[in-house]
Amino acid sequence: MADLIQTFSETPMFGLVLTLTAYAVGQKIYIKLPVSFFHPVLTASALIILFLFFFDISLDDYQNGGRMISFMLGPATVSLALPLYKKIDILKSHFLIILTAITVGTITSIISVTLISKTLNLPSELTLSLIPKSVTTPIAVETAEKIGGLPSITALSVIFTGITGAVTGPALLKLFRIKSPTAKGLALGTASHAIGTSRALELGQTEGAISSLSIGLAGIITAIAAPILVRILF
Amino acid sequence: MGVLGEFLLISLVTTAGVLIATIPLLPFPGTVTGMLIMLILLLTNIIKVKQISRASDFFSSFLPLFFIPLIVNITSEQELLSRYGIKLLIVIIPTTITTLIATGLTAKLLLYLTEKKRNKAGEGDG
């Protein structure tokens, strides 16, 4: 059995099959146990890491197939233009409010990450990995690469950020008496991308629509603002 | 247009974005440039929604799957992670909260000001 897996692991099919299987299992677990921490991506990644460790398979062998999957992130980012385009009427109706709120949120995110990281004496490559963490993974990863962060740390931080936003979001909105559906959607989408947006959708349709609009916009604003702010702050 | 054509169209725009982003002065990463090009093409009606919707929906619905291999790479950062893992969480949690509150309060304030202005204008009319 172990021999068979060793041989299989040397073909690109291995990384592909393992990732798809782990993701399917992750989704099954999430349906049974809908707790934020059991996000399918986290479960799937943990299962894959355990599998590689258990059967002593190298990361390179896994990435032969894994690379094909992460390659899709490029066209997936370009595809984010479509949901953005579909919500363009909402953007036009509150253009300044939406743009200002997301920009303030983005700058707050970058500055607060830098300040707390410096206080904790984090190595700068980790701080730079954390800076784009509030936006959708493909944009966050590309931005991190551009400013000198580590993509894998960024990808993991993006998920934890999403979970934090989705779990604490509704209570925070209540605490600060943020009642308008527009403001709620903006806050959830800007701070915690798609994971926050699925939470926003549970609050209401307007919340969900504004939140999904915020994903793309916060991504674009972060991609522009992060390199500039990093030059000032570092 | 067939599904294959939709994938081709998205791939072409992605490639264009990546190529344009190699110009050193541009602030955007390649795929974000591609996303902006796609948005402009949609807004100017050069590309229509139905010419990319199926391929685009495919990419959007499987987005979480695509970054699993990236996270698996974390095994090569074991040392950093075991040393700083907890600190990373200490940064992530409060900064997510500040971002959420800052965005929400800014929106709340701006919506309130717009509302007030509109009411004033309304009174003026009456």
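Since this is a predicted model, take the numbers as computed values, not measurements.

Reading the values: rules and limits
Just so you know, the residues in each chain are numbered from 1, in the order the chain's sequence is written. Chains carry letters and ligands carry numbers; both start at the beginning, A for chains and 1 for ligands, and go up in the order they are written. Reporting in this predicted model follows two pLDDT cut-offs: at least 70 for local features of residues, and 80 or more for side-chain atom pairs to be given and counted; totals over whole chains, interfaces and linings ignore these cut-offs and use all residues. Numbering of helices and strands runs from the N terminus; a helix is a DSSP stretch of H or I covering at least four residues, while a strand is a stretch of E covering at least two. We take the radius of gyration over the C-alpha atoms and set the globule estimate at 2.2 Å times the residue count to the 0.38 power. Labels follow a simple rule on C-beta atoms placed from the backbone: if 20 or more others lie within 10 Å of a residue's own, it is buried; if 12 or fewer, it is exposed; otherwise it is partly exposed. Contact between two residues is assigned when their C-beta atoms, built from the backbone, lie within 7 Å. The angle between two axes is taken between their N-to-C directions and runs from 0 to 180 degrees, where each axis is a line fitted to C-alpha atoms and a helix contributes only its stretch in contact. Working definition: roughly parallel below 35 degrees, roughly antiparallel above 145 degrees, roughly perpendicular at 65 to 115 degrees, and oblique for all remaining angles. The handedness criterion is simple: a crossing whose near helix is rotated anticlockwise from the far helix by less than a right angle is left-handed, and one whose near helix is rotated clockwise is right-handed. Following the grouping adopted for this structure description, the nonpolar residues are Ala, Val, Leu, Ile, Met, Phe, Trp, Tyr, Cys and Pro, the charged ones are Asp, Glu, Lys and Arg, and the polar ones are all others, Gly among them. All domain edges in this entry derive from an automatic or database-based domain assignment. Expected span, for any helix, means 1.5 Å times one less than how many residues it has. Throughout, the arc means the angular range of directions from the helix axis out to the C-beta atoms. Every residue gets a pLDDT, meaning the predictor's confidence in that residue, from 0 to 100. Each nonpolar core reported here comprises buried Ala, Val, Leu, Ile, Met, Phe, Trp, Tyr and Cys residues connected via C-beta atoms within 7 Å.

> I would appreciate a short explanation of the overall build of chain A in the present structure.
Per the secondary structure count, chain A includes 13 helices and zero strands. Moving toward the C terminus, one meets the helices and strands of chain A in the order α-α-α-α-α-α-α-α-α-α-α-α-α. In terms of overall dimensions, chain A is globule-like: its C-alpha atoms have a radius of gyration of 19 Å, near the 17 Å expected for 234 residues. In terms of overall dimensions, chain A has C-alpha extents of about 60 × 40 × 30 Å along its principal axes. By the burial criterion, 54% of the 234 residues in chain A qualify as buried. Pairs at least 24 apart in sequence give 63% of the contacts found in chain A among residues at least 6 apart.

> Mind showing me how you'd approach the overall build of chain B here?
A tally of regular secondary structure across chain B gives six helices and zero strands. Walking chain B from its N terminus toward its C terminus, one meets helices and strands in the order α-α-α-α-α-α. On C-alpha atoms alone, chain B measures out to a radius of gyration of 22 Å, which is more than a quarter above the 14 Å that the 2.2 N^0.38 rule sets for 126 residues. The dimensions of chain B, computed from C-alpha atoms along their principal axes, are 65 × 50 × 35 Å. Counting only residues that meet the buried cut, chain B has 38% of its 126 residues in that class. In chain B, of all internal contacts separated by at least 6 residues, the share reaching a separation of at least 24 is 41%.

> Any chance you could explain unusual backbone geometry here in plain terms?
One non-glycine residue, Asp56(A), lies in the positive phi region at around 55 degrees. For Asp56(A), a count of 10 C-beta atoms within 10 Å gives the class exposed. In this structure, Asn45(B) is a non-glycine residue whose phi angle is positive, near 65 degrees. Looking at the secondary structure, you find Asn45(B) in the loop between helix H2 (30-43) and helix H3 (53-61).

> Got a minute to help me understand the packing of helix H1 (residues 3-20) of chain B against H2(B) in this structure?
Residue and element names in this part refer to chain B. Two elements in contact, H1 and H2, have axes whose closest approach is 7 Å; the angle formed by their N-to-C orientations is 125 degrees. By the angle between their axes, H1 is oblique relative to H2. Every pair of crossing elements has a handedness; the one defined by H1 and H2 is right-handed. Counting all contacts with H1, which are made through Val13, Thr14, Ala16, Gly17, Val18 and Ile20, the residues of H2 involved are Gly30, Thr31, Thr33, Gly34, Ile37 and Met38.

> Any chance you could explain the interface of chain B and chain A here in plain terms?
By convention, interface size is frequently given as the accessible area that disappears when the constituent parts associate. The interface is formed by 64 residues belonging to chain B together with 86 residues belonging to chain A. Put simply, the parts of the chain that give the side of chain B that touches chain A at least two residues each are H1, H2, H3, helix H4 (63-66), helix H5 (68-72) and helix H6 (78-125) of chain B. The element that contributes the greatest number of residues to the side of chain B that touches chain A is H6(B), accounting for 27 residues.

> Any chance you could explain the packing of helix H8 (residues 95-119) of chain A against helix H13 (residues 205-233) of chain A here in plain terms?
The angle between the axes and the distance between the axes are what describe a pair of packed helices. Residue and element names in this part refer to chain A. The contact between H8 and H13 brings their axes to 9 Å, and the two run at 45 degrees. Comparing their axes, H13 and H8 come out oblique. As H8 packs across H13, the resulting crossing turns out to be right-handed. Side by side, H8 and H13 meet where Ile102, Thr103, Gly105, Thr106, Ile107, Ile110 and Thr114 of the first sit next to Ser214, Leu217, Ala218, Ile221, Thr222, Ala225, Ala226, Leu229 and Leu233 of the second. Residues of the contact of H8 with H13, tallied by class, amount to 10 nonpolar, six polar and no charged.

> When you look at the domain arrangement of chain A in this model, what are you seeing that I'm missing?
Residues and elements named next belong to chain A. What the domain assignment reports for chain A is domain 1 (2-71) and domain 2 (79-233). Averaged C-alpha coordinates put domain 1 and domain 2 at centres separated by 28 Å. Taken together, the contact pairs five residues of domain 1 with four residues of domain 2. Looking at the side of domain 1 that touches domain 2 residue by residue, the classes come out as three nonpolar, two polar and no charged.

> Quick question: what am I supposed to make of helix H2 (residues 12-32) of chain A here?
Taking 1.5 Å as the rise per residue, H2(A) with 21 residues should run 30 Å; its terminal C-alpha atoms sit 31 Å apart, in good agreement. Of all the residues in H2(A), the buried ones are Phe14(A), Gly15(A), Leu18(A), Thr19(A), Ala22(A), Tyr23(A) and Gly26(A). One side of H2(A) carries all its buried residues, which in axial view fall inside an arc of 145 degrees. Turned more than 90 degrees from where H2(A) packs its buried face, Lys28(A), Ile31(A) and Lys32(A) sit exposed. The inward-facing, buried residues of H2(A) contact helix H1 (2-9), helix H3 (40-54) and helix H4 (59-70) of chain A together with H4 and H5 of chain B.

> Would you take a moment to explain the confidence of the model for chain A for this structure?
A low pLDDT score tells you not to read the predicted coordinates there in detail. For chain A, mean pLDDT is 94; residues scoring 70 or higher make up 100% of the total. Mean pLDDT across the elements of chain A ranges from a minimum in H1(A), with 84, to a maximum in H8(A), with 97.

> Looking at this structure, I do not really get the nonpolar core. What am I missing?
Side chains of nonpolar character tend, in soluble globular proteins, to be buried together. In terms of nonpolar packing, the biggest core is built from 98 residues, with Ala81(A), Ala187(A) and Ile68(B) touching the most fellow members. Here Ala187(A) is in contact with Gly169(A), Leu173(A), Ile178(A), Leu100(B), Thr103(B), Gly104(B) and Ala107(B), once residues within four sequence places are set aside.

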